[in-house]
Amino acid sequence: MTAEPLVTASLPSNLDRDRLPHHVAVIMDGNGRWAQRRSLPRIMGHRRGVDTLKKLLRTCNDWGIGALTAYAFSTENWGRPHTEVDFLMTLFERVLRQELAEMDAEGVRIQFVGHLESLPVSLQTEIDRAVQQTRDNPGIRFTVATNYGGRQEIVQACQAIATQVQLGKLAPEDIDENLFSRHLYTAGSTDPDLLIRTSGEMRISNFLLWQLAYAELYVTDTLWPDFDLAEFQQALSDYQQRHRRFGKL
Ligand code: IPE
Ligand code: IPE
Ligand code: MG
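As a convention, each chain's residues are numbered from 1 in the sequence order in which they are written. All chains are assigned letters beginning with A, and all ligands numbers beginning with 1, in the order in which they are written. With pLDDT at 70 or above as the cut-off, local features in this predicted model cover only qualifying residues; side-chain atom pairs require 80 or more to be listed or tallied, and sums for whole chains, interfaces and linings still use all residues. With hydrogens and water excluded, all non-hydrogen atoms of the structure serve as input to the side-chain values.

Going by an unreviewed UniProt entry, the protein carries the name Isoprenyl transferase and comes from Leptolyngbya iicbica LK. If you open the UniProt record of the protein and go to Sequence similarities (unreviewed entry), you find "Belongs to the UPP synthase family." What UniProt records for the protein under Subunit (unreviewed entry) is the sentence "Homodimer." UniProt positions are given in the numbering used here, feature names are shortened, and annotations may be inferred rather than shown by experiment.

Draft legend 1. Seen up close, helix α4 (residues 121-134). Only DSSP runs of H or I with at least four residues qualify as helices, and only runs of E with at least two residues qualify as strands; both kinds are numbered from the N terminus onward. Expected helix span is given by 1.5 Å per residue-to-residue step, counting one fewer step than there are residues. Compared with an ideal rise of 1.5 Å per residue, which puts 14 residues at 20 Å, α4 spans 20 Å between its outermost C-alpha atoms and is within 8% of the ideal. Considered for burial, the residues of α4 that qualify are Leu123, Glu126, Ile127, Ala130 and Thr134. Angular distribution of buried residues about the axis of α4 spans 100 degrees; they occupy a single face of the element. Contact criterion: two residues are considered in contact whenever any of their non-hydrogen atoms come within 4.5 Å of each other. Packed against the buried residues of α4 are α3 (82-105) and β3 (109-113). The cut-offs for exposure are 20% and 50% of the maximum accessible area for each residue type, with area from a 1.4 Å probe on protein chains only; residues under the lower value are buried, those over the upper are exposed, and the others partly exposed. Here the arc refers to the directions that run from the helix axis out to each C-beta atom.

Draft legend 2. Highlighting the site of ligand 1. Around ligand 1 sit 13 residues, and of these Met28, Asp29, Arg33, Arg42 and Arg80 come closest. For this analysis, a polar contact is any N or O atom pair within 3.5 Å, provided that within protein one partner can donate a hydrogen and the other can accept it, and provided that sequence-adjacent residues contribute only side-chain to side-chain pairs. At a separation of 3.2 Å, an oxygen atom of ligand 1 approaches a polar backbone atom of Asn31. Measuring from an oxygen atom of ligand 1, one finds a side-chain N or O atom of Arg42 at 2.9 Å. Per-residue accessibility takes into account occlusion by the displayed protein chains alone, with areas from the Shrake-Rupley method and a 1.4 Å probe. Computed on the free molecule, ligand 1 has an accessible area of 380 Å², of which 87% lies beneath the protein chains in the complex. Being near a molecule or strand, for a residue, comes down to having at least one heavy atom within 4 Å of it.

Draft legend 3. Spatial organisation of the nonpolar core. Each nonpolar core is a collection of buried residues, namely Ala, Val, Leu, Ile, Met, Phe, Trp, Tyr and Cys, held together in the definition by side-chain atoms within 4.5 Å. If you look at the biggest cluster of nonpolar residues, it comprises 41 residues, and the most contacted ones within it are Val26, Leu68, Phe142, Ile196 and Phe232. Per element, the largest residue contribution to this core is seven residues, and it comes from α3. Among residues more than four places away in sequence, those in contact with Phe142 are Leu53, Leu57, Leu68, Ala70, Met103, Val108, Arg109, Ile110 and Gln111. One finds Ala25, Val113, Ala145 and Phe207 within the second-largest nonpolar core, a separate group that totals eleven residues.

Written out as C-alpha cells, the structure reads:
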C-alpha cells in the first residue's frame, strides 16, 4: 500500500455543490489488467482496487454525495477460476472486518445488494454485522453489489410479486413502476444519477439494469486501481456539464 495523503474534505472550487450527483454508481473494472501490465498476479490488482474504493468512499462522504454504489462481484464472476473467486470472497470478508470501525466512525451507512444467501457463510456474517452496526448512521449510504446481477434481481422481484398475486394479496393492475422498484434489492434507494465505469469498456455488464434507466454515463480508460481523485473530479465536472432531459425538452 502506498502512503498517499488522505483526501481533502473540501469540494474543489471547479465543482458546483448544488449540482453534484446525489447518487454515484461505479463499475470497478480493470483490476486484472492493472496487475498483468505489471507482471503481477491478478489478485494484486484486486488488492489495489480496495484502496481506490476506500479513497473514493471517503471523498464522496466528505463532498456531501448522498450515496455510492460499487459493483464488487457479479453473478457472472463465479465463472472465473476458483482461486480468483476464493481470493475475492476472502478479501471482501477481511476488508469488511478491518474497515468497519472506521467507516462506522465516519458515519457511513453500509448496505449490500445481490443474492447474498449463496455467499460464504462467514462473509454473510460480516455483512450482517456491518449492516446492523451502521444502519442508523447519518452519512453516505454505501452499497456494495456482491453476487449481484441485474437480470437475477428483476427475476426475483417478479417471483415475489407473482407470489403475492397468487395469494390474492395483490391484483395484476396494482403492479406499477413504484411497486416493482420496492421489490428490487435497492428498494428505498434513489436511482444513480451518475454511472462511472473504468477500464474503457462500453457496457453495463448486468449492473443495475432497472435503476440506471436515466443515469448519466462516464467511461474512462483508466484502470480501477489508478482511478484517483483527479479522475473523480473530472467525472463530476463532466456530469455538471450534462443536460439531463429525462425524455422531455
Ligand atoms: C474488476 O476487475 C473486479 C471484479 C470483477 C471483481 P477485473 O477483475 O474484471 O479486471 P479485468 O477487467 O480483468 O482487468
Ligand atoms: C463487471 O466487470 C463486474 C464488476 C466490476 C464486479 P467484469 O469484468 O466482470 O465485466 P465484463 O466481463 O468485462 O463485462
Ligand atoms: Mg473486468
